[in-house]
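Each chain is listed here by its residues.
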Amino acid sequence: MQLRFEIRRSDSPWVDSVWTCTSEQVTTMTSVAGVRWGVVFWEQDGRSHAAVTGPETRTSTAPVPEGAVFTGIDFAVGTSLRALPTTELVDGGVELPDTTRRTFRLDGARWQTPGADDAEALVERLVKAGIVVRDPLVADVLRGHDPAVSGRTVERRFRTATGLTRGAVRQIERARTAAESLAAGDTAADVVAELAYFDEPHLARALRTYVGRTVGQLRDGIGGAIALDLDQRSTS
């Protein structure tokens, strides 16, 4: 096994998930499109690093160095960093300076580097300090509420908070859900019907664009390492 990848969902309204990854040799990983920004910490060759990562609008291939240990926090849609607009993070990220094994620097202050079990505690401190903020309108829209503002205002605030349009968020999230369903054993026909794709070619195009896998690869658990919670069947 080249990568050991684990993801857990979070009960925090500010956090979507927390993940860890350990690379046992030099490899590459399929990076899946995602609508959330995050913070990732890693160690390699005795050096510590930290970075803010942005939403990704398409799939890509990312190199993974040998002997690296990662811990990541993916934040809930609608949250953002006070000092770093999400729009500037899309399809990119920013490495944080002056990172040590115990601490990292963010928004002019030094914070204790978390492990997977205390990620939410760090987020609570960042929220309390006003460094991580959120737009409640975006959260309401995602829950299906119809806010008392114009559609143009909703779209502007949605893009400001997430870096993406509502349409892009829907497409990416639908493709990720489709991939997880296929990996769990659902047929392509079932996924098309459940997620309202036009037909199987439409599903295949979405998977190619956002996930970087075919229906067959997802069903059979092949294609190499992938940054998606697919029951850990694609990490060898």
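Further up the page is the structure itself.
Residues numbered from 1 in each chain as written. Predicted model: local features only at pLDDT ≥ 70, side-chain atom pairs only at ≥ 80, totals over all residues. Heavy atoms only, no water.

## Concerning the pairing of strand 5 (residues 47–53)
For strand 5, a buried count of 5 out of 7 residues is recorded, marking the element as mostly surrounded by other parts of the structure. The pairing of strand 4 (residues 38–44) with strand 5 spans 7 bridges and is classified as antiparallel. By the bridge assignment for strand 5, Gly38 is matched with Thr53. Counting the residues in the hairpin turn of strand 4 and strand 5 gives 2 residues, including Asp45, whose phi is positive at 55 degrees. As judged from the 3 bridges shared by strand 5 and strand 9 (residues 93–95), these two strands associate in the antiparallel manner. Note that in strand 9 the partner of Ala51 across the bridge is Glu95. (Buried < 20%, exposed > 50% of the residue type's maximum accessible area, 1.4 Å probe, protein only. Helix = DSSP H or I, 4+ residues; strand = E, 2+ residues; numbered from the N terminus. Pairing = 2+ DSSP bridges.)

## Notes on the nonpolar core
In this structure, Ala178, Tyr197, Leu203, Leu207, Tyr210 and Val211 are the most contacted members of the largest nonpolar core, which totals 31 residues. Of all the secondary-structure elements, those providing two or more residues to this core are helix 2 (136–142), helix 3 (151–162), helix 4 (166–183), helix 5 (188–195), helix 6 (200–210) and helix 7 (215–220). Apart from the residues within four sequence positions on either side, Ala178 is in contact with Val191, Leu195, Tyr197, Leu203 and Leu207. Listed in part, the 23 residues of the second largest apolar core include Leu89, Trp111, Leu122 and Val123. (Core = buried A, V, L, I, M, F, W, Y, C linked by side-chain atoms within 4.5 Å. Contact = heavy atoms within 4.5 Å.)

## Examining helix 3
Side chains of residues three or four places apart in an α-helix project in the same direction, reflecting 3.6 residues per turn. Spanning 12 residues, helix 3 covers 16 Å between terminal C-alpha atoms, matching the ideal 16 Å at 1.5 Å per step. Those residues of helix 3 hidden inside the fold are in contact with strand 8 (79–81), helix 2 and helix 4. Looking one or two residues beyond helix 3, the residue adopting positive phi is Gly163, at roughly 80 degrees. (Expected span 1.5 Å × (residues − 1).)

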